[in-house]
Amino acid sequence: MTTDEIPQLRPERLVAPMAGEVIDLADVPDPAFASKKMGDGFAVRPTGNEVVAPADGTVFMSAKTGHALGFRTPEGLELLLHLGIDTVELEGKPFALTAAKGQEVKAGDSLGTMDLDAVVAAGKDTSAIFIITNTKKRLDSLEVSFGPAELGAPVATAQVKPAPAKKAAGSAAGAAAAGGAATAGASTGSAAVDGGSATADGKLPEPVNTSVPEPVAASSTPEPVEGSGHAALDRETLDGYDLLAYDIIDNVGGADNIRSVIHCITRVRFYLKDQKLAKDEVVANLDGVIDVAKAGGQYQVVIGPAVEEVFDAVVKQLPQVDSVSADVVEKEKPTTAVGWLKYGFSELIGVITGSMIPIIGLLAASGILKGILALLMNFEVITGESSTYMAINAMSDSVFFFLPIFVGFTAAKRLGSDPIVVAIIGGVLTYPTIVEAAGKEGSTSLLGMSMNADFFGIPYPLASYSYSIFPIIVAAWLASKVEPFLKKIIPMTLRMIFVPFFEVFIVSAAILLILGPIVMLISGGIAAAIQGVYDLNPTIAGTLIGGLYQSLVIFGLHWAVIPLVASDIASSGHSYLNALISATMVAQGGAVLAIFAKTKVAKIKQLAGSATLAAFSGITEPAMYGLNLKYGRAFITASIGGAVGGLLTGLFNVNMWGFTGSLIGFTSFINPKDGIDSSFWGYLIASAAALVVSFVLTYMFGFSDADLDGEKEVKKVRLGSREPKGT
């Protein structure tokens, strides 16, 4: 077909879905919509409750919570009408919509009502947001008339592009979804889909090997195909991560079985309506999948380093992605005291991990930089008085010094409070005059804490909160309770100023005066107890921790230890415990290195190679869940290697000044003051011993290719949800 033969489509007339002021998407107080990542459009600040259809078309999606509708126009545009921001949390109470899936509507037809007063009373924004979700594929231009508009009045004109010709099978066509750009959840690792999406055909692909597929080059990433996401795709036209995403969705029960999908650093995690519909064995054997685990209501697909690429491909194939987070999914509540205790501990671990995961990379990078700085000083390349030292030291130390700001931001996202406000509270805790005043001694003390400050004449213990973690997490929790209350009692017109005003004051005062000292007392006591146990006999403690630490990873309990290590390094500058953990990482890597050397099976060799590199870089999950726990006795032999490494680490009293361990973290064992000392040589000896013992035992006793016939299903436990509570 020539250019002259391409049919010209008529412009689509769009009307105001609610009466009020039509505004630009950039003015919507939600980054997912304001950034236009979901597509172009506009919003209405409503003055009335009635809702009408924004265009002629067919309703193809209706959220069960009533807050969103999807339409498909005769010319091929896919439209999303989202009523309010974060209103999914209201569970449908303010909405009385009559539109049903499959219903034909005309522009201006009544769809029902949204109770604006109820939305405002719940502390939510009432903006009615209109998005053309397949903007990149089908929208040529959009002209919007901003300003006051009556209900159903024409406010915009959309010029539609002709639909492209269908690509031939085998091309890189189908990486995506209907309308489908990922929301802000894709960048934060959280997204959800409406239950009304179309199902897949249910065919089972043949199981293939577990190697990671080749990445699709960014420059050749295909545009979303037409249709309703996953079900509209032709499997034969997909490759790379798009093909893997298609097969995963198909074999977890189809798009209709998925409530939400999120990811962390190694796993794509689904909340399924019915986990019995998922075909575990098929998913676990897909090309690019390491393993499958189920825990905490999640169906976890372990991917490894390519998790973000696979997650993005999955989200593209799930139609009408909304800003619902993992916390929106209903959780079964315990009914006994023991059950509530377990539930509370699980949720606590979930909060800690959700707060720490986003900054783990920063802590690791800073630790390596500290080690490099120590090397430069050790070999007298620079001096401690030079401006070069000052600059590099600031680069390496700033993430630790201002830790309350960064953790405050991530903890607020996890707990549902305002990240910017909590980050400001973190700034209060690290404010220079506060830090300086915390170093002064008071005339009295309470429980060993110096009463070195007063607030309107009331004495209190002012602690140093720079380098701290736990007080700001408590601040984020408190802010999540204070903020909704303030929104309920402060009129909407005054919220922009007075909600953050009162929130910063109330939470900052509560942390400084009461909660902060309590938390610091508890966390300091735990750290002192751990150090006390280590000091009793470092050799025995090292052997036990070295042999058992990676077992904690199986149950997710290592995330209770990691913040203690980070806090220890941040406050004292070093951590004996982290040195022991480093040896266990090397041991896990030694075991998979032995499997790499011994196996004759190509897919196992490829998986073992990548898992070895990950373990020597400080990430043991691909080694553990891809191989060591699945096949034979490899995890036991790796744990023995870890025990030997821990024994020598304790025997040589090895200390560690950075966060990053394993082989890649060798600079973390260089003393910033004295340079290369006994800790560095002890680290090398302990790491070498852990590597050799783990390798030899695994090669001789821990693995053979015959074990592949009897591989075990690995059940990984994850405690609590780590994902943001809304966006």
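Criteria and thresholds
- Residues numbered from 1 in each chain as written.
- Predicted model: local features only at pLDDT ≥ 70, side-chain atom pairs only at ≥ 80, totals over all residues.
- Heavy atoms only, no water.
- Helix = DSSP H or I, 4+ residues; strand = E, 2+ residues; numbered from the N terminus.
- Buried < 20%, exposed > 50% of the residue type's maximum accessible area, 1.4 Å probe, protein only.
- Areas by Shrake-Rupley, 256 points an atom, 1.4 Å probe, with all protein chains shown as cover.
- Axes fitted to C-alpha atoms, helices over the stretch in contact; angles between N-to-C directions.
- Left-handed = near helix turned anticlockwise from the far one by under 90°.
- Contact = heavy atoms within 4.5 Å.
- Nonpolar A, V, L, I, M, F, W, Y, C, P; charged D, E, K, R; others polar.
- Core = buried A, V, L, I, M, F, W, Y, C linked by side-chain atoms within 4.5 Å.
- Phe/Tyr/Trp six-rings, centres within 6.5 Å; stacked < 30°, edge-to-face > 60°.
- Lys NZ or Arg CZ within 6 Å of the ring centre and 35° of its normal.
- Salt bridge = Lys/Arg side-chain N within 4 Å of Asp/Glu carboxyl O.
- Pairing = 2+ DSSP bridges.
- Bend = angle between axes of the 7 residues up to and from the residue.

Participant: Just to check I follow, could you spell out the overall build of the protein chain for this structure?
Facilitator: Looking only at helices and strands, one finds 21 helices and 24 strands in the protein chain. Buried residues in the protein chain amount to 53% of all 727 residues. Per element, the accessible surface of the protein chain, about 30400 Å² overall, is 63% carbon and sulfur.

Participant: Explanation requested: the packing of helix 13 (residues 470-489) against helix 14 (residues 492-536) in the structure shown.
Facilitator: Between two packed helices, both the angle of their axes relative to each other and the distance between the axes serve to describe the pair. Put simply, helix 13 and helix 14 touch, their axes get as near as 8 Å, and they point 145° apart. Crossing geometry of helix 13 relative to helix 14 is assigned as right-handed. Residues Phe 470, Pro 471, Val 474, Ala 475, Leu 478, Ala 479, Val 482, Glu 483, Leu 486 and Lys 487 of helix 13 lie in contact with helix 14, whose contacting residues are Arg 495, Val 499, Phe 502, Glu 503, Ile 506, Val 507, Ala 510, Ile 511, Leu 515, Val 519, Met 520 and Ser 523. Here the contact of helix 13 with helix 14 is composed, by residue class, of 17 nonpolar, 1 polar and 4 charged.

Participant: Would you mind showing me how to read the nonpolar core here?
Facilitator: Generally speaking, nonpolar side chains in soluble globular proteins are found buried as a group. Among the nonpolar cores identified, the biggest contains 56 residues, and Leu 363 and Val 507 are the most heavily contacted of them. With sequence-adjacent residues up to four places away left out, Val 507 is seen in contact with Ile 425, Ala 475, Leu 478, Ala 479 and Val 482. The next biggest cluster of nonpolar side chains, apart from the first, holds 34 residues, and it includes Ala 16, Leu 90, Met 114 and Leu 139.

Participant: Any chance you could explain the packing of aromatic side chains here in plain terms?
Facilitator: The description of an aromatic ring pair uses the distance of the two centres, along with the angle that the planes make with each other. Per the counting criterion, the structure on display carries 11 aromatic pairs. Seen in terms of ring centroids, Phe 401 and Phe 402 are 4.9 Å apart; in terms of plane orientation they differ by 80°. Their pairing is edge-to-face. We classify Phe 401 as partly exposed; its relative accessible area is 23%. Seen from their ring centres, Phe 695 and Tyr 699 are 6.0 Å apart, and the 15° between their planes marks the pair as stacked. With Phe 695 and Tyr 699 both in helix 21 (residues 678-702) and 4 residues apart, the pair spans about one turn of that helix. Overall, Phe 695 belongs to the partly exposed group, its relative accessible area being 26%. We classify Tyr 699 as partly exposed; its relative accessible area is 36%. Over the face of the ring belonging to Phe 596 we find Lys 605, whose NZ or CZ atom lies 4.8 Å from the ring centre.

Participant: Looking at this model, I keep getting lost on the side chain of Ser 508. Mind explaining?
Facilitator: In this structure, Ser 508 sits in helix 14. Not counting the four nearest positions on each side in its chain, Ser 508 is found in contact with Ile 425, Val 428 and Glu 503.

Participant: Explain the pattern of salt bridges to me, please; I cannot follow it from the model alone.
Facilitator: Two side chains carrying opposite charge are able to pair once their charged atoms lie near each other. Under the definition given, this model contains 3 salt bridges. For Arg 45, the salt bridge goes to Glu 21, with nearest N and O atoms at 4.0 Å. Of this pair, Arg 45 sits in strand 3 (residues 40-46) while Glu 21 sits in strand 2 (residues 20-23), placing them 24 residues apart in sequence. Residues Arg 72 and Glu 78 are paired through a salt bridge, measuring 3.2 Å at the closest nitrogen-oxygen approach.

Participant: Help me understand the sheet that holds strand 8 (residues 95-97), please; the structure alone is not making it clear to me.
Facilitator: Where strands meet in a sheet, backbone hydrogen bonds hold them as pairs that are either parallel or antiparallel. Strand order in the open sheet made by the 3 strands is 4-10-8, with antiparallel pairing throughout. Two strands lie at the open edges of the sheet, namely strand 4 (50-52) and strand 8, each paired on one side alone. Pairs of neighbouring strands in the sheet enclose a mean axial angle of 20°, with direction left out of account. Of the strand pairs in this sheet, strand 4 and strand 10 (residues 110-114) are connected by 3 bridges, and their pairing is antiparallel. Its bridge partner lying in strand 10, Val 52 is registered against Ser 110.

Participant: Just checking my understanding: could you explain helix 9 (residues 387-401) for this structure?
Facilitator: Residues spaced three or four apart along an α-helix point in a common direction, a consequence of the helix completing one turn every 3.6 residues. Taken as a whole, helix 9 carries its principal kink of about 35° at Met 395. Every buried residue of helix 9 is accounted for by Ile 392, Ser 396, Asp 397, Val 399 and Phe 400.

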